[in-house]
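For reference, the chains in residue letters:
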Amino acid sequence: MTTAPEILGTLHNIRTVAVAELDGVEDDAALEAWRIAYLGRREGRLTLIMRRMAELEAEERRSVGVQANDVKALLESQLAEKTEALKSAKLAQAAQEGRLDVTLPGRRPALGRLHPITQTMREITRAFISMGFQVVEGPEVELDHYNFGMLNIPRGHPARDMFDTLWLDHTNAEGEREMLLRTHTSPMQARIMEATQPPVRVVVPGRVYRFEATDATHEWHFTQVEGLAVDRGITFANLKGTLYEFARLVFGSERRVRFRCDFFPFVEPGVDVAIDCFSCDGAGAPDCRICRGSGWIEIMGAGMVHPRVLEMSGIDHTEYTGFAFGMGVERIAMLKYGIDDIRYFYGNDARFLRQF
Ligand code: DAH
């Protein structure tokens, strides 16, 4: 038969042991085990001993019950306290682990950069801007009229074969294809002259398209910079002077420039322009990778604007003359940076692009 002193003794013992054990609890799992051991509804030591109070006389049960409830309240409040303590210890630890050392040097963010063709294009236009040229841009989807007709290349003209053209699926009333992806930036010459009277000094950077298989030196789309100057008394000497200055600014002050006769329907006379090789200094070293032994590098076409082209755009060719030039930006970038395959530019390989 259970007696009151027995129960009181056990209560006292539970209280002492539980409080001492709780002191050593250091994590949630241990705390939960402690709770089940003492306060668990089915097997908790306090629960069991309280169940045994039923065996006492009513009188004793009341006074023992008061004591039991005190112990229970004490353990519960200690449990709540410990729960709080563990929680704030966890917070403190997280704050400690994630703390910022504001004295550490910052991490440099990875910056993007301009594409090498954009950089080269800007370098080219900057050179002409420094000589008083303005920069304008034009449409990439162009009319046959401007891409060819206004440049003295009518339908059926053999010079159209120089430009393998990507046509748009669109025909005019006569059933002729009349829209295309511009094959060069030259159509802007006609557009500009039509829209303004001289003096004109412009450069036109832009993307052009050719219906062509790609290889190390050909892309089906690439970039050109066109130039046009129209005024009274403009001569071939002005063209030469302008392109000399350009060559020096972009390829170095020692450069020499060579002009040789060439044919483009929209200029007369027409020339191809070459600079002496900046890699072997014009020596034409047989193993030079840049000029391949010739000592010269062709960099653009140019010429005096054909009188017919001036006339068609509404400019009096008896009063005005002009010069024009056009160059491929990829070619110039390849020369400058010693790149031997044009396809790298549009391959989007970050290892290539990061070099610039
Ligand atoms: N448009 C020509 C081409 O793409 C390049 C060119 C040659 C432009 C002579 C000119 C020029 O302005 O005068 O091949």
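The rules behind these values
- Residues numbered from 1 in each chain as written.
- Predicted model: local features only at pLDDT ≥ 70, side-chain atom pairs only at ≥ 80, totals over all residues.
- Heavy atoms only, no water.
- Core = buried A, V, L, I, M, F, W, Y, C linked by side-chain atoms within 4.5 Å.
- Buried < 20%, exposed > 50% of the residue type's maximum accessible area, 1.4 Å probe, protein only.
- Contact = heavy atoms within 4.5 Å.
- Axes fitted to C-alpha atoms, helices over the stretch in contact; angles between N-to-C directions.
- Helix = DSSP H or I, 4+ residues; strand = E, 2+ residues; numbered from the N terminus.
- Parallel < 35°, antiparallel > 145°, perpendicular 65-115°, else oblique.
- Nonpolar A, V, L, I, M, F, W, Y, C, P; charged D, E, K, R; others polar.
- Phe/Tyr/Trp six-rings, centres within 6.5 Å; stacked < 30°, edge-to-face > 60°.
- Lys NZ or Arg CZ within 6 Å of the ring centre and 35° of its normal.
- Domains from an automatic or database assignment.

Participant: If you had to explain the nonpolar core to someone new, which residues and values would you point to?
Facilitator: Grouped together as the largest cluster of nonpolar side chains are 43 residues, with contacts concentrated most on F128, L243, F246, F325 and M327. When residues no more than four places from it in sequence are discounted, the contact partners of F246 are I124, A127, F128, M131, I299, M300, M327 and I332. Counting 23 residues, the second-largest nonpolar core is a separate cluster that includes L151, L228, L310 and Y320.

Participant: Any chance you could break down the packing of helix α1 (residues 4–24) against helix α2 (residues 28–39) for me, citing the residues and the numbers?
Facilitator: Packing of α1 against α2 brings their axes to within 11 Å, and their N-to-C directions diverge by 175°. For the element pair α1 / α2, the angle class is roughly antiparallel. Touching I14, V17, A18, E21 and L22 of α1 are L31, W34 and Y38, all from α2. Looking at the contact of α1 with α2 residue by residue, the class counts come to 7 nonpolar, no polar and 1 charged.

Participant: Mind laying out the packing of α1 against helix α3 (residues 45–52), listing which residues take part and the relevant values?
Facilitator: Packing of α1 against α3 brings their axes to within 11 Å, and their N-to-C directions diverge by 170°. The angle between α1 and α3 falls in the class roughly antiparallel. Here α1 contributes E6, I7, T10, L11, N13, I14 and V17 to the contact with α3, which in turn contributes R45, L46, I49 and R52.

Participant: Requested: an account of helix α10 (residues 329–337), with residues and values cited.
Facilitator: Residues V329, E330, I332, A333, M334 and L335 constitute the buried set of α10. Those residues of α10 that are buried lie in contact with α5 (116–129), β6 (221–231), α8 (236–251), β9 (296–305) and β10 (321–328). Immediately beyond the C-terminal end of α10, within one or two residues, lies G338, with a positive phi of roughly 65°.

Participant: Give a detailed account of the packing of aromatic side chains, specifying residues and quantitative values.
Facilitator: Scanning the entire structure with this criterion turns up 17 aromatic pairs. Considering the side-chain rings of F345 and F352, the 5.8 Å spacing of their centres and the 70° angle between planes classify their relative orientation as edge-to-face. Each member of the pair, F345 together with F352, is buried. Within the aromatic cluster, the residues linked to one another by ring pairs are Y337, Y344, F345, Y346, F352 and F356. Over the ring of F251 we find K336, and its NZ or CZ is 6.0 Å from the ring centre.

Participant: Please give an account of the side chain of H306 that cites residues and values.
Facilitator: By the secondary structure assignment, H306 is in the loop between β9 and α9 (307–312). On the accessibility criterion, H306 (19% relative accessible area) is buried. What H306 contacts, discounting residues up to four positions off in sequence, is N152, P265, F266, V267 and E268.

Participant: Tell me about the domain arrangement of the chain, residues and numbers included.
Facilitator: You can read the domains of the chain as domain 1 (4–97) and domain 2 (116–353). A C-alpha centroid distance of 91 Å is found between domain 1 and domain 2.

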